Amino acid sequence: MKSRTPIAVTALLALALAGCADGTTDTTAGAGGTPSSSAAAPASTAASASASSAASQNVGDTLLVFTRTGGLAGTNDRLVVRPDGSWTLTTKSGSKEGKLTAAELTALKSTLEQVGFSKLPKVNSNGNVADGYKYSISYGGDEVVAEDGAVPTALQPVITTLNGLLSK
């Protein structure tokens, strides 16, 4: 008895291709299935809105704001560290608070200063890492955004330190 799998696959492909050629226009995807500029605009607007809120929170009572999104599990973590070392971590599973030791706070501040944070490129994308993270760090009135695979070498110690704080 012959297998009917090749015939079924061919028929499904023909139906799929016929559905693509029905004359309708897909407004959510451009050539090659990538989002078109009109579909991407709301996402970039949302990203800039969240960036603005992170930067605006980085005044007075906030030392830094660190967000980590993406990854295989669709992470959305937000860490706010205040100048006295107290912190608030918000994740998909809830919020918790704590306080860095004096040594941890000193090490964090030292790492941020050594990096020359204000001189780093503000956007570091195109990491092209499947299921990679996107990081946003607001510190001293500056915000730097980086994706796995495109994290500047100078920024890696900061992200390593902050990722360690997320696991507290």
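The preceding data block contains the structure.
Residues numbered from 1 in each chain as written. Predicted model: local features only at pLDDT ≥ 70, side-chain atom pairs only at ≥ 80, totals over all residues. Heavy atoms only, no water.

S.K.: Looking at this structure, I do not really get helix H3 (residues 102-115). What am I missing?
M.R.: Residues spaced three or four apart along an α-helix face the same direction, because each turn holds 3.6 residues. Across its 14 residues, H3 extends 20 Å between first and last C-alpha, which sits within 8% of the 20 Å expected from 1.5 Å per residue. Those residues of H3 that fall on the buried side of the exposure criterion are Leu 105, Leu 108, Thr 111, Leu 112 and Val 115. Around the axis of H3, the buried residues are gathered within 130 degrees of arc, so they sit on the same side. For H3, the exposed residues set more than 90 degrees away from the buried face come down to Ala 102, Ala 103, Thr 106, Glu 113 and Gln 114. Buried residues in H3 make contact with strand S1 (64-70), strand S2 (75-81), strand S6 (133-139) and helix H4 (156-166). Note on H3: the residue one or two positions beyond its end, Gly 116, has a positive phi of about 70 degrees. (Helix = DSSP H or I, 4+ residues; strand = E, 2+ residues; numbered from the N terminus. Expected span 1.5 Å × (residues − 1). Buried < 20%, exposed > 50% of the residue type's maximum accessible area, 1.4 Å probe, protein only. Arc of directions from axis to C-beta. Contact = heavy atoms within 4.5 Å.)

S.K.: Just checking my understanding: could you explain the pattern of salt bridges for this structure?
M.R.: Close approach of charged atoms allows side chains with opposite charge to pair. Tallied over the full model, the rule gives two salt bridges. For Arg 68, the salt bridge goes to Asp 77, with nearest N and O atoms at 2.8 Å. The partner of Lys 122 in a salt bridge is Asp 142, with the nearest N and O atoms 3.7 Å apart. Note that Lys 122 is positioned in the loop between H3 and strand S5 (123-124) and Asp 142 in strand S7 (residues 142-147), a separation of 20 residues in sequence. (Salt bridge = Lys/Arg side-chain N within 4 Å of Asp/Glu carboxyl O.)

S.K.: Even after reading the chapter, I still don't get the nonpolar core, so can you show me in this structure?
M.R.: Across soluble globular proteins, nonpolar side chains show a tendency to be buried alongside one another. With 26 residues, the main nonpolar core has Leu 79, Leu 108, Leu 155 and Leu 162 as its most contacted residues. Of all the secondary-structure elements, those providing two or more residues to this core are S1, S2, strand S3 (86-91), H3, S6, S7 and H4. At five residues, H4 tops the list of elements feeding residues into this core. Those residues in contact with Leu 162 that sit more than four places away from it in its chain are Leu 64, Phe 66, Leu 79, Leu 108 and Ile 137. (Core = buried A, V, L, I, M, F, W, Y, C linked by side-chain atoms within 4.5 Å.)

S.K.: Where do I start with the sheet that holds S3 in this structure?
M.R.: In a beta sheet, neighbouring strands are held together by backbone hydrogen bonds and run either parallel or antiparallel to one another. Strands sit in the order S4-S3-S2-S1-S6-S7-S5 across an open sheet of seven strands; the sheet is mixed. If you trace the sheet from one side to the other, it starts and ends with strand S4 (94-99) and S5, each paired once. The strands touched by H4 within the sheet are S1, S2, S3 and S6, with S1 carrying the most contacts at an inclination of about 80 degrees. (Pairing = 2+ DSSP bridges. Axes fitted to C-alpha atoms, helices over the stretch in contact; angles between N-to-C directions.)

S.K.: Which parts of the structure should I look at to understand the side chain of Thr 62?
M.R.: Inspection of the secondary structure puts Thr 62 in the loop between helix H2 (37-57) and S1. Thr 62 gets classed as buried once you look at its relative accessible area, which sits at 8%. A polar side-chain atom of Thr 62 sits 3.3 Å from a polar atom in the side chain of Asp 61. (Polar contact = N/O pair within 3.5 Å; in protein donor to acceptor, adjacent residues only side chain to side chain.)

S.K.: Honestly, unusual backbone geometry in this entry has me stumped. Any pointers?
M.R.: Note on backbone geometry: most residues besides glycine have negative phi, and most peptide bonds are trans. If you check the backbone angles, Asp 131 has positive phi at about 60 degrees while not being a glycine. Residue placement: Asp 131 occurs in the loop between S5 and S6.

S.K.: Looking at this model, I keep getting lost on the packing of H3 against H4. Mind explaining?
M.R.: To characterise two packed helices, one gives the angle between the axes of the helices and the distance between these axes. Contact geometry for H3 and H4: axes closest at 9 Å, N-to-C directions at 155 degrees. Of the possible angle classes, the one that applies to H3 and H4 is roughly antiparallel. Crossing angle aside, the handedness with which H3 passes H4 is left-handed. Between H3 and H4, the residues in contact are Leu 108, Thr 111, Leu 112 and Val 115 and Pro 157, Val 158, Thr 161, Leu 162 and Leu 165, respectively. For the contact of H3 with H4, the residue count by class is seven nonpolar, two polar and no charged. (Parallel < 35°, antiparallel > 145°, perpendicular 65-115°, else oblique. Left-handed = near helix turned anticlockwise from the far one by under 90°. Nonpolar A, V, L, I, M, F, W, Y, C, P; charged D, E, K, R; others polar.)

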